[in-house]
Amino acid sequence: MNYENIIVATHGKVGLITLHRPEVLNALNDGLIDDLGAALRLFEADENIGCIVVTGSEKAFAAGADIAAMVNWDYMEVYKTNFITRNWDCIAQCRKPVIAAVAGFALGGGCELAMTCDMIYAADTAKFGQPEVKLGILPGAGGTQRLPRAVGKAKAMDLCLSARLMDAEEAERCGLVARIIPAAKLLEETLAAAATIANFSLPMLMMIKESVNRAWESSLHEGLLFERRTIHAAFAMDDRKEGMAAFLQKRKPVFKNR
Ligand code: DAK
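Cut-off values and rules
- Residues numbered from 1 in each chain as written.
- Predicted model: local features only at pLDDT ≥ 70, side-chain atom pairs only at ≥ 80, totals over all residues.
- Heavy atoms only, no water.
- UniProt positions renumbered as here; feature names shortened; annotations may be inferred.
- Phe/Tyr/Trp six-rings, centres within 6.5 Å; stacked < 30°, edge-to-face > 60°.
- Helix = DSSP H or I, 4+ residues; strand = E, 2+ residues; numbered from the N terminus.
- Buried < 20%, exposed > 50% of the residue type's maximum accessible area, 1.4 Å probe, protein only.
- Lys NZ or Arg CZ within 6 Å of the ring centre and 35° of its normal.
- Contact = heavy atoms within 4.5 Å.
- Core = buried A, V, L, I, M, F, W, Y, C linked by side-chain atoms within 4.5 Å.
- Near = heavy atom within 4 Å.
- Polar contact = N/O pair within 3.5 Å; in protein donor to acceptor, adjacent residues only side chain to side chain.
- Areas by Shrake-Rupley, 256 points an atom, 1.4 Å probe, with all protein chains shown as cover.
- Nonpolar A, V, L, I, M, F, W, Y, C, P; charged D, E, K, R; others polar.
- 1 Å grid on protein atoms, 1.4 Å probe; cavity = no way out; pocket = protein on both sides within 12 Å on 5 of 7 lines; lining within 4 Å.
- Points joined across faces, edges and corners; volume = space filled by probe spheres on them.

In the nomenclature of an unreviewed UniProt entry, the chain is known as enoyl-CoA hydratase of Rugosibacter aromaticivorans. Turning to the chain, the UniProt annotation filed under Sequence similarities (unreviewed entry) states: "Belongs to the enoyl-CoA hydratase/isomerase family." Under the heading Function (unreviewed entry), UniProt records this for the chain: "Could possibly oxidize fatty acids using specific components."

The following block contains the structure:
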């Protein structure tokens, strides 16, 4: 596939998507989100891919939705074209693990895009924020919902209402970011972590992802029930038998994704 706004590569079992609109700090327009959706669907369908990394440039993961594209739009236009929403949920719907590797700015829709991934690995240069209020709008692609779930109400209110930016250290401290990595090593270390993940049993990765997401989307009781049913089901898997047998036989497991 040829894409205009992203660069796609594979590294063994890891799919890498690099947002690529350098002249506008990877500002998100429909074209980019459509490209991202198409690439994710191909990786999702590819049995050889076990984990996906989404990244940007050294300067910006993404500086938000494309303000130049939005400036003259009116309500009917965004409503009828389903602006951004059309492919926006492509990451959330992906069943394989998706890591956002963020260097530089992740602002507005860029921060929302990173939060839609399963986890964020941040370069020490990363800056997160929901500065939409400066433009006279509100975070509109999940920011008012995912940010408080990730960092708590107080900090989410502070970020959304004041438009201030948060650095990588603060983002890790408050739970938005899973790891901080020196900028020069961000991609290398993220790809290595993604490779470790991708070598585990794919159906088990999908079950774990589904179960952890339940913690966000249901009560504790419902989440625990879902987890219990899932671990019972895991006992039907060849990979579960293989993983345990390999441990006892002191050898590496050979997972068959079954
Ligand atoms: N859109 C368009 N162009 C952008 C951009 C953006 N978000 N961010 C940067 N650029 C462009 C700049 O205009 C500039 O272009 P030229 O002047 O060179 O032609 C180029 O990228 C380099 O930017 P700067 O010269 O400004 O670079 P600096 O290092 O000085 O500053 C910055 C970097 C990131 C602090 C600054 O560029 C900035 O403040 N950018 C805007 C950040 C922002 O406000 N982001 C929030 C955008 S609103 C929706 C869902 C979601 C959304 C909306 C609707 N629905 C479902 C309906 C989301 C909205 C947003 O994200």
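S.K.: Give me the packing of aromatic side chains: which residues, what numbers.
M.R.: Applying the stated criterion across every chain, the model contains one aromatic pair. Aromatic side chains Y75 and Y79 sit 5.7 Å apart centroid to centroid with 25 degrees between the ring planes, which places their arrangement in the stacked category. You can see Y75 and its partner Y79 sitting in helix 3 (residues 75-81), four residues apart, about one turn around the helix. Accessibility assignment for this pair places Y75 and Y79 in one class, exposed. Lying over the aromatic face of F226, R214 brings its terminal NZ or CZ to 4.0 Å of the ring centre.

S.K.: Run through the side chain of T190, naming residues and quoting values.
M.R.: Along the chain, T190 turns up in helix 10 (residues 186-198). Leave out the neighbours within four places in its chain, and T190 touches V53, I99, A101, Y121 and I181.

S.K.: Lay out the nonpolar core with the relevant residues and their values.
M.R.: If you look at the biggest cluster of nonpolar residues, it comprises 45 residues, and the most contacted ones within it are L19, L36, F61, V102, I120, F128 and L176. Of the residues forming this core, the biggest block, six residues, is contributed by helix 1 (residues 30-45). Discounting chain neighbours no more than four positions away, the residues touching F128 are V102, A106, L107, C111, I120, A122, R164, L165, M166, A171, L176 and V177. In this structure, I181, L191, A194 and I197 belong to the second largest nonpolar core, which totals 19 residues.

S.K.: So what's going on with the site of the ligand? Which residues, and what values?
M.R.: Not every one of the 23 residues close to the ligand is listed here, only the nearest: K59, A63, A65, I67 and G109. Measuring from a nitrogen atom of the ligand, one finds a backbone N or O atom of A63 at 2.9 Å. Between the ligand and A65, the relevant distance is 2.8 Å, taken from an oxygen atom to a main-chain nitrogen or oxygen of the residue. Across the complex, the protein chains shield 62% of the 1100 Å² of accessible surface that the ligand would expose by itself. Counting only elements with at least two residues in the shell around the ligand, the list comes to helix 2 (67-70) and strand 6 (105-107). Each residue belonging to the shell around the ligand can be placed in one class, and the counts come to 14 nonpolar, five polar and four charged.

S.K.: Help me get a handle on the layout of surface pockets, residues and values and all.
M.R.: By volume, the largest pocket amounts to about 990 Å³. Those elements that provide at least two residues to the lining of the largest pocket are helix 5 (90-93), helix 6 (109-116), strand 7 (119-123), helix 7 (143-151) and helix 11 (202-217). A per-element tally of the lining of the largest pocket places helix 11 first, with ten residues. If you add up the space inside the second largest pocket, you get close to 630 Å³. As for the second largest pocket, its lining consists of 25 residues, and the residues nearest its centre are A65, M70, E132, I137 and L138.

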